[in-house]
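Examining the three-dimensional arrangement
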Amino acid sequence: MSFKTDVNYRKQSLLKLLNAVQIYEEDIIKALYDDFKKPAFEAVATETSYILAELKFTIKNIHNWTKPKVVLPSILNFPSTDFIYKEPFGKVLIIAPWNYPYQLALCPLIAAVAAGNQVVVKPSELTPNTSRIIAKIISEVFEKNHVECVEGGLEISQQLLSQRWDFIFFTGSVAVGKIVAKAAAEHLTPVVLELGGKNPCIIDSSANLKLAAKRIVWGKFLNAGQTCIAPDYLLVQENIKSKLIDFLKLEITNAYGENPEVSPDYPRIINEKNWKRLTTMLENETVLLGGKTSREDCYIAPTLLDEPSLESLVMHDEIFGPILPILGYKTEEDLHKIISKYEKPLSLYIFSENKSFAKKIIQNYSFGGGCINDTVIHFTNKRLPFGGVGHSGIGAYHGKLSFDIFSHRKAVVKKANWLDLPTRYAPYDGKLQTIKRLLKWFS
Ligand code: NAD
């Protein structure tokens, strides 16, 4: 059996990775700052500590997860013992984005290795400092024919996609997700697509407005709004809208001060292209707070917009930046008209003390995952599947689910020889009633 499927080898590799990520933690934090001024607090809270926890959890459970699992046999096959074997897919390609460049490259890598695959990781070219450290860690920890990091941009990504893979794990935009899915279809390669969307955040009049504002501001402006599960736009019941806006303004100032440009806790937009895309969204809109931008520094202040038209640029695509449109609603029909205008989002949030309203929203709309009375935090529970639905993605991971998606589950029935019931064998003459009765009893 080759090293790819040897569990002890995988565990040893993951232990080496654990050692390396601990040694390089400070370098990673610095690289993330150099790439787009990600504050050390956010780097630790959302990237390095997440990877440490995922690694430790995987190392602890790898022997248990990889064992063939015995399941109850079908009585129709009596006597038998039935198993699920976990088998690696083989050659796996992981393509990562830039917004959580370390975590979103390493989290799938850990699971792919645990499941026994050979892996190629392509980090984002837009975070070159982080990409370099990822490449360094991988080259120091793994044998080249086991895990390799290929750095580069579009061309490298396209070259990789033109090859045949046994599994592709992609995190990024919907547009590139479609390119990946097309390339994978050529060889019928299974894919997981972790994409984005326009995430609604609903606040009704029963909500605790001060706390809601605090949690919305945190989830929206974390990473300067460049988070796939950040609230994209607010839908606020008309009668509490102005009060909520006051609280939002207060919470933004509490978090980042009067001038967020000098706050050590506020990152920058990743590059000039995205800065331009975002600043264009501000044109001709009513700015309630923020709106200040600086091209040299790729800075955009935390910005609140009042009632942009549904036809506007800001309400057209995923924002993926620190701009928060606020739309009032009166009735549930108003809500429905807006939410159903868009593809199924990656997340949805509701702030409400009205349990039946919250339950109705959760049941009526399809979305990847979300929270009642908070934002973003569903991401942190490794027992919850993380992924989209429809245009926001295919497949979900985190914790054991990550191991599962990188494994083929092979069904095996071990039949005993001490009994061989004759019913299923031809000639069938005179057996039809018996088989009908048997199938009815045991179905
Ligand atoms: P992106 O799709 O532009 O790039 C992602 C990766 O694909 C990069 O490594 C890039 O080099 C590569 N790539 C870019 N264009 C390509 C092409 N034409 N062919 C092949 N490969 C190509 O995404 P991004 O800008 O890095 O990230 C932002 C997007 O990712 C947002 O839409 C966000 O919602 C989404 N995202 C989703 C999740 C999630 O977990 N669901 C997490 C983070 C980001």
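Residues numbered from 1 in each chain as written. Predicted model: local features only at pLDDT ≥ 70, side-chain atom pairs only at ≥ 80, totals over all residues. Heavy atoms only, no water.

Here's the deal with the environment of Pro123
Topologically, Pro123 is positioned in the loop between β4 (118-122) and α5 (128-141). Take Pro123: its relative accessible area is 1%, and that puts it in the buried class. Look past the residues within four positions of Pro123 in its chain and what remains in contact with it is Ala96, Ser131, Ile134, Cys149, Val150, Glu151 and Gly152. (Helix = DSSP H or I, 4+ residues; strand = E, 2+ residues; numbered from the N terminus. Buried < 20%, exposed > 50% of the residue type's maximum accessible area, 1.4 Å probe, protein only. Contact = heavy atoms within 4.5 Å.)

Side note on the nonpolar core
One broad trend across soluble globular proteins is that nonpolar side chains are buried collectively. Formed by 91 residues in total, the largest nonpolar core has its most connected members in Leu109, Ile137, Ile203, Leu234 and Phe406. Broken down by element, the residue count for this core peaks at ten residues, all from helix α4 (residues 103-114). Looking at which domains feed residues into this core, each of domain 1 (7-195 + 392-409) and domain 2 (200-384) gives three or more. When sequence neighbours within four positions are dropped, the list of residues in contact with Leu234 reads Cys201, Ile203, Ile216, Leu244, Leu248, Leu324, Pro325, Ile326 and Leu327. Counting 28 residues, the second-largest nonpolar core is a separate cluster that includes Met281, Leu335, Leu348 and Phe357. (Core = buried A, V, L, I, M, F, W, Y, C linked by side-chain atoms within 4.5 Å. Domains from an automatic or database assignment.)

Some words on the sheet that holds β4
Strand order in the open sheet made by the six strands is β5-β4-β3-β6-β7-β18, with mixed pairing throughout. The open sheet has two edge strands, β5 (147-149) and β18 (393-394), and neither has a second partner. Sheet topology places β4 next to β5; three bridges connect them, and they run parallel. Along β5, the bridge assignment pairs Val120 with Glu148. Packed on one face of the sheet, α5 meets β4 and β5 and runs near 155° to β5. (Pairing = 2+ DSSP bridges. Axes fitted to C-alpha atoms, helices over the stretch in contact; angles between N-to-C directions.)

Comments concerning the site of the ligand
Looking at the ligand, there are 27 residues lining it, with Glu125, Ser157, Ser173, Leu195 and Glu318 nearest. Note that an oxygen atom of the ligand is positioned 2.8 Å from one of the side-chain N or O atoms of Trp98. One of the backbone nitrogen or oxygen atoms of Leu195 is found 2.7 Å away from a nitrogen atom of the ligand. Within the complex, the protein chains bury 90% of what would otherwise be the 840 Å² of accessible surface of the ligand. (Near = heavy atom within 4 Å. Polar contact = N/O pair within 3.5 Å; in protein donor to acceptor, adjacent residues only side chain to side chain. Areas by Shrake-Rupley, 256 points an atom, 1.4 Å probe, with all protein chains shown as cover.)

Side note on helix α9 (residues 241-256)
Over its 16 residues, α9 extends 22 Å from the first C-alpha to the last, a length consistent with the 22 Å expected when each residue adds 1.5 Å. Within α9, burial applies to Lys241, Leu244, Ile245, Leu248, Glu251, Ile252 and Tyr256. Within α9, the buried residues cover an arc of 130° as seen down the axis, which keeps them to one side. For α9, the exposed residues lying more than 90 degrees away from the buried face are Ser242, Lys243, Asp246 and Asn254. Elements that come into contact with the buried residues of α9 comprise β8 (200-203), α8 (209-221), β9 (233-237), β10 (286-289), β13 (303-306) and β14 (323-329). Of the residues trailing α9, Gly257 is marked for its positive phi of about 80°. (Expected span 1.5 Å × (residues − 1). Arc of directions from axis to C-beta.)

Things to note about the domain arrangement of the chain
Looking at the chain, the domain boundaries give domain 1 (7-195 + 392-409) and domain 2 (200-384). Computed over C-alpha atoms only, the centres of domain 1 and domain 2 are separated by 29 Å. In this complex, domain 1 contributes 22 residues to the contact, which on the side of domain 2 involves 20 residues. Interface area, domain 1 with domain 2, both sides summed: about 1,900 Å², of which 59% is carbon and sulfur. Across the domain 1-domain 2 interface, the total number found is one salt bridge. Among the ionic pairs, Lys37 bridges to Asp297, the shortest N-O distance being 3.5 Å. In this assembly, domain 1 and domain 2 are joined by nine residue pairs in polar contact (both at pLDDT 80 or more). Within the residue set of the side of domain 1 that touches domain 2, elements represented by two or more residues are α2 (25-36) and α3 (40-66). (Buried area = accessible area lost by both parts, 1.4 Å probe. Salt bridge = Lys/Arg side-chain N within 4 Å of Asp/Glu carboxyl O.)

Some words on the side chain of Glu194
Along the chain, the position of Glu194 falls in strand β7 (residues 191-194). Put simply, Glu194 is tucked away with no salt bridge, and the nearest opposite charge, on Arg409, sits 15 Å away. Among residues more than four places away in sequence, those in contact with Glu194 are Phe169, Phe170, Thr171, Gly172, Phe386, Gly387, Gly388, Ser392, Gly395, Ala396 and Tyr397. (Lys, Arg positive; Asp, Glu negative; His and termini not counted.)

Quick notes on the packing of aromatic side chains
Counted under the stated rule, the structure contains 17 aromatic pairs. Where Trp65 meets Phe403, the ring centres are 5.5 Å apart and the plane angle is 40°; that geometry is what we call tilted. You can see Trp65 sitting in helix α3 and its partner Phe403 sitting in helix α13 (residues 400-405), a full 338 residues away along the chain. Taken together, the ring pairs in this structure connect Tyr50, Phe89, Phe167, Phe169, Phe379, Phe386, Tyr397 and Phe406 into an aromatic cluster. Of note, Lys198 hangs over the ring of Tyr342, and the distance from its end group to the ring centre comes to 6.0 Å. (Phe/Tyr/Trp six-rings, centres within 6.5 Å; stacked < 30°, edge-to-face > 60°. Lys NZ or Arg CZ within 6 Å of the ring centre and 35° of its normal.)

A few points about the pattern of salt bridges
Evaluation of the coordinates by the stated rule reveals 17 salt bridges. Between Lys241 and Asp306 there is a salt bridge, and its shortest N-O distance comes to 2.8 Å. Placement of the pair is Lys241 in helix α9 and Asp306 in strand β13, with a sequence separation of 65 residues. Linked through salt bridges whose partners overlap, the residues forming this network are Lys37, Arg268 and Asp297.

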